[in-house]
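Chain and residue survey
Chain by chain, the residues run as shown.
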Amino acid sequence: MKNERLNTLTNGIVKSNPTFRLVLGTCPTLAVTTQAINGLAMGAAVTFVLLCSNVMISLLKKVIPDRVRIPAFVVIIATFVTVVQMVMKKFLPSLYDALGVFLPLIVVNCIILARAEAFASCNPVLDSALDGLGMGFGFTLSLTFIGIVRELLGAGSFFGLPIGSLGNVSMTIFVLPAGGFLVYGTLMALVNYLTALAENRKYDSSKKKGKKEAKA
Amino acid sequence: MRKSLGYEILMTALVLVIIAGIAGALLGLVNHFTAVDEDELIARKATAVYDGALEKFIGEEGMTAPMKEDSGEVLGVYVPKAEGKDVYVIVARGFGAYKGSLDLLVNITNGKIVKIAAYEANETPGLGSKALQEGYFERYYDQPITPQFKGFALVKRPAEMPDEVSAVTGASKSSTAVTNAVNAAVKWYQMRVLKGVNA
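The structure displayed is predicted, hence computed values, not measured ones.

A word on the overall build of chain B. What chain B contains, in helices and strands, is 4 helices and 8 strands. Listing the helices and strands of chain B from first to last along the sequence gives α-α-β-β-β-β-β-β-α-β-β-α. Rg of the C-alpha trace for chain B: 23 Å, well past the compact-globule value of 16 Å for 199 residues, more than 25% over. Counting all 199 residues of chain B, 35% fall into the buried class. Long-range pairs, those at least 24 residues apart, make up 58% of the contacts in chain B with a sequence separation of at least 6.

Looking only at helices and strands, one finds 8 helices and 2 strands in chain A. The N-to-C order of helical and strand elements in chain A reads α-α-α-α-α-α-α-β-β-α. Each of the three principal axes of chain A carries a C-alpha extent, and together these read 65 × 50 × 25 Å. Across the 216 residues of chain A, 39% fall into the buried class. Partitioning the contacts of chain A with sequence separation of at least 6, the portion at a separation of at least 24 is 75%.

A few words on the interface of chain A and chain B. The interface is formed by 28 residues belonging to chain A together with 20 residues belonging to chain B. Put simply, the parts of the chain that give the side of chain A that touches chain B at least two residues each are helix H4 (69-91), helix H5 (93-99) and helix H7 (125-155) of chain A. Of the residues that constitute the side of chain A that touches chain B, the class distribution is 15 nonpolar, 8 polar and 5 charged.

Under the domain assignment used here, chain B contains domain 1 (1-35) and domain 2 (40-194). Put simply, the middle of domain 1 of chain B and the middle of domain 2 of chain B, counted by C-alpha atoms, are 48 Å apart.

So, on to the packing of helix H3 (residues 36-60) of chain A against H7 of chain A. Residue and element names in this part refer to chain A. Where H3 meets H7, the closest approach of the two axes is 8 Å, and the angle between their N-to-C directions is 170°. In terms of their interaxial angle, H3 and H7 are classed as roughly antiparallel. A class-by-class count of the residues in the contact of H3 with H7 yields 18 nonpolar, 12 polar and 2 charged.

Moving on, we come to unusual backbone geometry. Of note in this structure, Val23 of chain A is not a glycine but carries a positive phi near 50°. Position of Val23 of chain A among the secondary structure elements: in the loop between helix H1 (2-11) and helix H2 (26-32). Residue class for Val23 of chain A comes out partly exposed when judged on the 13 C-beta atoms lying within 10 Å of it. Its identity is not glycine, yet Asn110 of chain B carries a phi of approximately 50°, on the positive side. Looking at where Asn110 of chain B falls in the secondary structure, it is placed in the loop between strand S5 (100-109) and strand S6 (112-120). On the basis of neighbour counts, which here come to 10 C-beta atoms within 10 Å, the residue Asn110 of chain B falls in the exposed class.

One broad rule of soluble globular proteins: the nonpolar side chains tend to lie buried together. Membership of the largest hydrophobic core comes to 91 residues, with the highest contact counts inside it found for Val49 of chain A together with Ile90, Ala92, Leu104, Val106, Val182 and Ala185 of chain B. What Ile90 of chain B contacts, discounting residues up to four positions off in sequence, is Val74, Val77, Val106, Ile108, Ala185 and Trp188 of chain B.

Our next topic: the pairing of strand S3 (residues 72-80) of chain B. All names here are of chain B. Pairing of strand S1 (residues 54-56) with S3, which is carried by 3 bridges, proceeds in the antiparallel orientation. If you follow Leu54 over to S3, its bridge partner there is Pro80. The pairing of S3 with strand S4 (residues 87-97) spans 6 bridges and is classified as antiparallel. Looking at S4, one finds that Glu73 is bridged to Arg93. Hairpin connection from S3 to S4: 6 residues lie between these consecutive antiparallel strands, with Gly84 at a positive phi of about 85°.

Moving on: the environment of Val15 of chain B. With respect to the helices, strands and loops of the structure, Val15 of chain B is situated in helix H1 (residues 2-34). Between the C-alpha atoms of Val15 of chain B and Lys56 of chain B, which are 41 residues apart in sequence, the distance is 47 Å. Non-local contacts of Val15 of chain B, meaning those with residues more than four positions away in its chain, are made with Val63, Ile64 and Pro65 of chain A.

Residues and elements named next belong to chain B. Checked against the element boundaries, Ala121 lands in the loop between S6 and helix H3 (134-137). Put simply, Ala121 and Arg93 are 28 residues apart on the chain and 9.7 Å apart in space, counted from C-alpha to C-alpha. Setting aside its immediate chain neighbours within four residues, Ala121 contacts Leu102, Asp103 and Leu132.

On to the confidence of the model for chain B. All names here are of chain B. Confidence along chain B averages 83 in pLDDT terms, with 91% of residues attaining 70 or more. Across chain B, the element-wise mean pLDDT spans from 65 in strand S2 (residues 67-68) up to 90 in S5. In the predicted assembly, ipTM is 0.79 and pTM is 0.76.

This part is about the pairing of S5 of chain B. All names here are of chain B. With respect to burial, S5 is a largely interior element, 7 of its 10 residues being buried. Here S4 pairs with S5 via 10 bridges, running antiparallel. Bridging across to S5, Ala97 finds its partner in Gly100. A loop of 2 residues connects S4 with S5, the two strands running antiparallel in sequence. The hairpin formed by S5 and S6 contains 2 residues between the paired strands, and Asn110 there has a positive phi angle of roughly 50°.

Parameters at a glance
- Position labels on residues start from 1 in each chain and follow its written sequence.
- Note on labels: chains are lettered from A, ligands numbered from 1, in written order.
- For this predicted model, a pLDDT threshold of at least 70 governs which residues receive local features, and a threshold of 80 or more governs which side-chain atom pairs are given and counted, while totals over whole chains, interfaces and linings are taken from all residues.
- Strands are runs of DSSP state E lasting at least two residues, helices are runs of H or I lasting at least four, and both sets are numbered from the N terminus onward.
- Note that the radius of gyration is over C-alpha atoms, with the globule rule given as 2.2 Å times the number of residues to the power 0.38.
- Comment: burial labels come from other C-beta atoms within 10 Å of the residue's own C-beta, placed from the backbone, where a count of 20 or more is buried, 12 or fewer is exposed, and between is partly exposed.
- Contact between two residues is assigned whenever their backbone-derived C-beta positions fall within 7 Å.
- We call Asp, Glu, Lys and Arg charged. Ala, Val, Leu, Ile, Met, Phe, Trp, Tyr, Cys and Pro are nonpolar, and the rest, Gly among them, are polar.
- Domain boundaries shown here were taken from an automatic or database domain assignment.
- Orientation is described by lines fitted to C-alpha atoms, with helices fitted over the stretch in contact, and by angles between N-to-C directions that extend from 0 to 180 degrees.
- Oblique is the label for any angle not under 35 degrees, not over 145, and not in the 65 to 115 range, which are roughly parallel, roughly antiparallel and roughly perpendicular in turn.
- Nonpolar core, as used here: buried Ala, Val, Leu, Ile, Met, Phe, Trp, Tyr and Cys residues forming one set through C-beta atoms within 7 Å.
- Here a strand pair is declared whenever DSSP counts at least two bridges between the two strands.
- pLDDT expresses, on a scale from 0 to 100, how confident the predictor is about each individual residue.

The structure is reproduced here in structure tokens:
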């Protein structure tokens, strides 16, 4: 049981990473990752909404009539997105401005709606919370990583801090939409290659273990 | 059968109403603690260009009437709370930016621009953002604003005349919007302070 819960939590970070493995939420991924801090803030906002909406939907799954479950989910998700917007506007106005229209668009983020429909609406509260956290962390890590690479190559800085004279040789294309696609595609290929490599090694070692046991 | 269908519809509507009601109450509560007073926010941000307490400029009748042109507009004007200072912090919007428009805070003291800062501007990092740095804003400083001054002219070469400002290479849209915003602030100062025209 404990292992299952750990799997639920880590599933979204590596195996079913929403950005690199499931290729969900591509629009905000490409749009806001011109700077690492924007990616981190977007990821944090999505994690909060995922966690809260998953918990709420799991709690109300027996109360919400099946026919109107999608509108009910959207109302719940929109509520938490508006909460994030209000808090960000008050306390982090510069990030609120930087994320722009992609902040309210979290309401229709396919990761959140997919987890609500596929997981939270048919699982217990604790599992739904862990799933939301895992998926949120996975999304945050991916966006921050893409943001770091794009900012470093495109503006020569790291989280807004200029790195030596790197800014003089930076390649502007990486902070433009085309560079977003290039970085996203390259990182996706790298992550998938490494995941496949790890899975193959795991399979080989279990195969060897099986043969040894059979001999014994 | 009809009764059960009616009951089902009623219950469905009731559940949705309850969810929407709870959502509304939660948002009301959060709004109570996070509501942002726009005037207070501008006055707080304006401290980036003026070291001291500011308040919204009222002036004589008509002086705060909105000024809007195709290239830029003035959104608001703030003055020091302490009287007797010839300081105007103007919130100006310039059109033509990469993302439509950008807002600047322009401090005009004793007839000269002494400080400019970005108020709401999200130009592309490493590209358009170069036109929003202090080093670029300095090109507009210290030009005397007289009734005859016709505004800053953006040029795509090194500036030769005092009223010329050279655009940032690769960020001509952002440079244009910055110049438009500064010129809107300059025009407001000329029309409402130097000439006192209530137009």
